[in-house]
Amino acid sequence: MAAGLARAGRRTRAAGWRRPLGPEETLGLLEASVVHREGAVLALSKPPGLAVLGRPGELSLAALLPALRRRLGLPTELHVVKAPGRECSGLTLLSSCHRTTEELQQFFTGARRRGRYPATYRAVTVGVPAEPEGEIRTGLRWQQQGDTAVVVPVPVPGRGSLARKEVKNTLTRYRVLGAAGGCALLQLQPKTAFPEQLPVHLTLLLCPALGDHQHSSRVGRVLGVPFLLPPEPAEPRAQVLDEALLQRLGLSPQQLRRLPLHIHLQELVLPRGPIRAPPPPPFLRTLQRLGLPGHLEL
């Protein structure tokens, strides 16, 4: 198993703040990040950049679960109930019982249908929303751009595309928790689930997430005023930050390329109540450097 993990680690590694993490380091990080353990349910805080499933030969949470189970002394295999996307950090819910997994998945589905928001994220954004709180509603779909499939917004999806499930209507509720120097700390509560929903929604606010190297290029600026570019010419690239913000973050342009996405799944509401995971050190360090609230309280 160790050799297999090492081979996977040489291909894709979990992204860290200063350097990539190898398989053994990532496994140790996961073991130390357990925040909840009750019966068949286990919750930990996933680092940013770690895929949940991953491609063959790629380091992923799924590839590490057998070794993690042994380290934690669990008698049966673990499987993923709910987890943030690859580039996000935060609460990852695991279960060692298939029935428990099904019950929790039904609970989350039922909560969203009843208009509740069982998942709460925190995000650091480049830009401050015009309104202190609100909702982001749009259709989302996959679109092929060259050899890559990307998620793009569809502001007014047609009935046919919705019926064929080519497009999905999505909704995220947001609230500004604090702002400083042109950046903001947001609370995000998605009511729907679609890959990359949160970073795409933040671009529609003209406030891309810090560390978003996939979608932030869709937000252009003229004389300091942000505007939304159509998805076609907005090729994914390393996020562009002005020199003043780089200095506040203590980053060089080369380090910026490894800046992780600052979207963190902080709270999940379970049948017995909420569970929480503090943001990773890079996220807290960013809050402190930018003078945003929460680096001590979160």
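For the structure itself, consult the block above.
Rules used in this analysis
Residues numbered from 1 in each chain as written. Predicted model: local features only at pLDDT ≥ 70, side-chain atom pairs only at ≥ 80, totals over all residues. Heavy atoms only, no water. Helix = DSSP H or I, 4+ residues; strand = E, 2+ residues; numbered from the N terminus. Rg over C-alpha atoms; globule rule 2.2 N^0.38 Å. Buried < 20%, exposed > 50% of the residue type's maximum accessible area, 1.4 Å probe, protein only. Contact = heavy atoms within 4.5 Å. Lys, Arg positive; Asp, Glu negative; His and termini not counted. Charge placed at Lys NZ, Arg CZ, Asp CG, Glu CD. Phe/Tyr/Trp six-rings, centres within 6.5 Å; stacked < 30°, edge-to-face > 60°. Lys NZ or Arg CZ within 6 Å of the ring centre and 35° of its normal. Polar contact = N/O pair within 3.5 Å; in protein donor to acceptor, adjacent residues only side chain to side chain. Axes fitted to C-alpha atoms, helices over the stretch in contact; angles between N-to-C directions. Parallel < 35°, antiparallel > 145°, perpendicular 65-115°, else oblique. Left-handed = near helix turned anticlockwise from the far one by under 90°.

Trainee: Any chance you could explain the overall build of the chain here in plain terms?
Mentor: Along the backbone of the chain there are 9 helices and 13 strands. Taking 2.2 N^0.38 as the reference for a compact globule, 298 residues should give roughly 19 Å; the C-alpha atoms of the chain span a radius of gyration of 19 Å, in line with that estimate. Expressed as a percentage of the 298 residues in the chain, the buried residues total 50%. In the chain, 64% of the contacts between residues at least 6 apart in sequence involve partners at least 24 apart. In the chain, 39 positive and 22 negative side-chain charges are present, and the distance between their average locations comes to 3 Å.

Trainee: I keep staring at unusual backbone geometry and nothing clicks. Help me out?
Mentor: Excluding glycine, residues mostly carry a negative phi; peptide bonds, for their part, are mostly trans. A positive phi angle, near 60°, is found at Lys165, a position not held by glycine. Topologically, Lys165 is positioned in the loop between helix H5 (159-163) and strand S8 (168-180). On the basis of relative accessibility, which here comes to 75%, the residue Lys165 falls in the exposed class.

Trainee: Just to check I follow, could you spell out the packing of aromatic side chains for this structure?
Mentor: Here a ring pair, both rings aromatic, is described through the centre-centre distance and the interplanar angle of the planes. Evaluated as defined, the whole model comprises 2 aromatic pairs. Ring geometry for Trp142 and Phe194: centres 6.4 Å apart, planes at 35°, overall tilted. One end of the pair, Trp142, is in strand S6 (residues 133-145); the other, Phe194, is in the loop between strand S9 (183-190) and helix H6 (197-204), with 52 residues separating them in the sequence. Among the residues examined, Trp142 registers a relative accessible area of 42% and is labelled partly exposed. Residue classification places Phe194 among the buried positions, given a relative accessible area of 16%. The ring of Phe108 has Lys82 lying over it, and the distance from NZ or CZ to the ring centre is 5.4 Å.

Trainee: Help me out: how do you make sense of the environment of Glu166 in this one?
Mentor: Among the structural elements, Glu166 can be located in the loop between H5 and S8. For Glu166, a relative accessible area of 45% puts it in the partly exposed group. Taking the C-alpha atoms as reference points, Glu166 and Pro84, 82 residues apart in sequence, are found 23 Å from one another. The residues contacting Glu166, other than those within four sequence positions of it, are Leu140, Arg141 and Ser161. Polar side-chain contacts of Glu166 include one of 2.9 Å to the side chain of Arg164.

Trainee: Help me understand the packing of helix H2 (residues 23-32) against helix H3 (residues 61-72) in this model?
Mentor: What describes two packed helices is the angle between their axes and the distance between those same axes. Contact pair H2 / H3: the axes reach a minimum separation of 10 Å and the direction vectors enclose 60°. Relative to H3, H2 is oriented oblique. Considering how the two elements wind past one another, H2 and H3 form a crossing that is right-handed. Facing H2, whose interface residues are Pro23, Glu24, Thr26, Leu27, Gly28, Leu30 and Glu31, H3 presents Leu61, Leu64, Ala67, Leu68, Arg71 and Leu72.

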